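Summary of the model geometry
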Amino acid sequence: MSIIAPSLLSANFLRLEEDCKMLHESEADWFHLDVMDGRFVPNISFGPMIIEFIRKTTNKLCDVHLMILEPEKYAEAFKKAGADILTVHIEACPHLHRNIQQIKTLGMQAGVALNPHTPVSLLKDVIADIDLVCMMSVNPGFGGQSFILNTIQKIRELRSMIDSTASNAKIEIDGGVTLENAKSILDAGADVLVAGNTVFKSADPKNIISLLKKL
Ligand code: DX5
Ligand code: ZN
């Protein structure tokens, strides 16, 4: 069964509590929380303070996607804020192995995110150590962009890498997921679907989540 992780980046921040409550009551499995620093990506979103508030609204898993440089400086703050999974970008981490160890030592699951241009093969020597690969299917920074089709073959490649090693890493697809393309993403081997606009720009978000969950 696939895991559905709506991204609160597309929520209405004037009524964040209601949107969190809606997700909590819905069939969503995880809360996907997008942290942007205006340096690694050309946008700024929110940090540990907001996540601490979101954490209080649910006991569902908080999946924190860091789109920031020097994530090691903030890993502890995100743990304190309530992150269950902490994902760092491979492109932002010259010492990726050390970042992964730090996240695990802090007691969180470790995720690694890949930009659309980054080859899957770069994960080879860490794939056995991580819990999640967040494969970007848009260029990170904004919600509401179109799915990059080349991602489908990258999912297949990653699936076979994971299946041929001792890795338990889940494959998460992030960006441009819709009711129309979700099935082909899952068929290619993905485990987790992130969805921002598809969920929050709909008139009936709970129903969209339930439709995604049924695929
Ligand atoms: C993009 C973020 C995504 C984004 C997904 O930088 O990492 O999680 O919010 O939004 P949609 O589903 O609207 O592409
Ligand atoms: Zn994300």
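Look up: the structure comes first, before these words.
This write-up is about the structure you can find in this document.

**Overview of the nonpolar core**
General note: in soluble globular proteins, nonpolar side chains tend to be found buried as a group. Membership of the largest hydrophobic core comes to 62 residues, with the highest contact counts inside it found for L8 and L158. The element contributing the most residues to this core is helix α5 (residues 151-163), with 5 residues. In contact with L8, not counting residues within four places along its chain, are F13, L16, D19, C20, L23, F31, H32, L33, I54 and F200. Grouped together as the second largest cluster of nonpolar side chains are 7 residues, I3, A5, W30 and I85 included.

**So, a nonpolar patch on the surface**
A surface patch of nonpolar side chains, about 210 Å² in accessible area, is lined by L179, L211 and L215. Looking at where L211 falls in the secondary structure, it is placed in helix α8 (residues 205-214). Overall, L211 belongs to the partly exposed group, its relative accessible area being 35%.

**Details of the coordination of the zinc ion (ligand 2)**
Every protein donor of the zinc ion (ligand 2) is listed here as H32 (NE2), D34 (OD), H65 (ND1) and D174 (OD), and their distances to the metal cover 2.0 to 2.3 Å. Coordination at the zinc ion (ligand 2) is octahedral, judged from the 6 donor atoms that bind it and the angles of 68 to 171 degrees they form at the metal. In primary-sequence terms, the residues that donate to the zinc ion (ligand 2) follow H-x1-D-x30-H-x108-D. With H32 in strand β2 (residues 30-36) and H65 in strand β3 (residues 61-67), the pair connects residues that are 33 residues apart, well separated along the chain.

Parameters and conventions
- Residues numbered from 1 in each chain as written.
- Chains lettered and ligands numbered in written order.
- Predicted model: local features only at pLDDT ≥ 70, side-chain atom pairs only at ≥ 80, totals over all residues.
- Heavy atoms only, no water.
- Core = buried A, V, L, I, M, F, W, Y, C linked by side-chain atoms within 4.5 Å.
- Buried < 20%, exposed > 50% of the residue type's maximum accessible area, 1.4 Å probe, protein only.
- Helix = DSSP H or I, 4+ residues; strand = E, 2+ residues; numbered from the N terminus.
- Contact = heavy atoms within 4.5 Å.
- Patch = residues over 30% accessible without salt bridge, like charges linked within 9 Å, V, L, I, M, F, W, Y side chains within 5 Å.
- Areas by Shrake-Rupley, 256 points an atom, 1.4 Å probe, with all protein chains shown as cover.
- Salt bridge = Lys/Arg side-chain N within 4 Å of Asp/Glu carboxyl O.
- Donors = N, O, S within 2.8 Å, 3.2 Å for Na, K, Ca; no water.
- Tetrahedral: all angles 85-135°; square planar, octahedral: opposite > 155°, others 65-115°.

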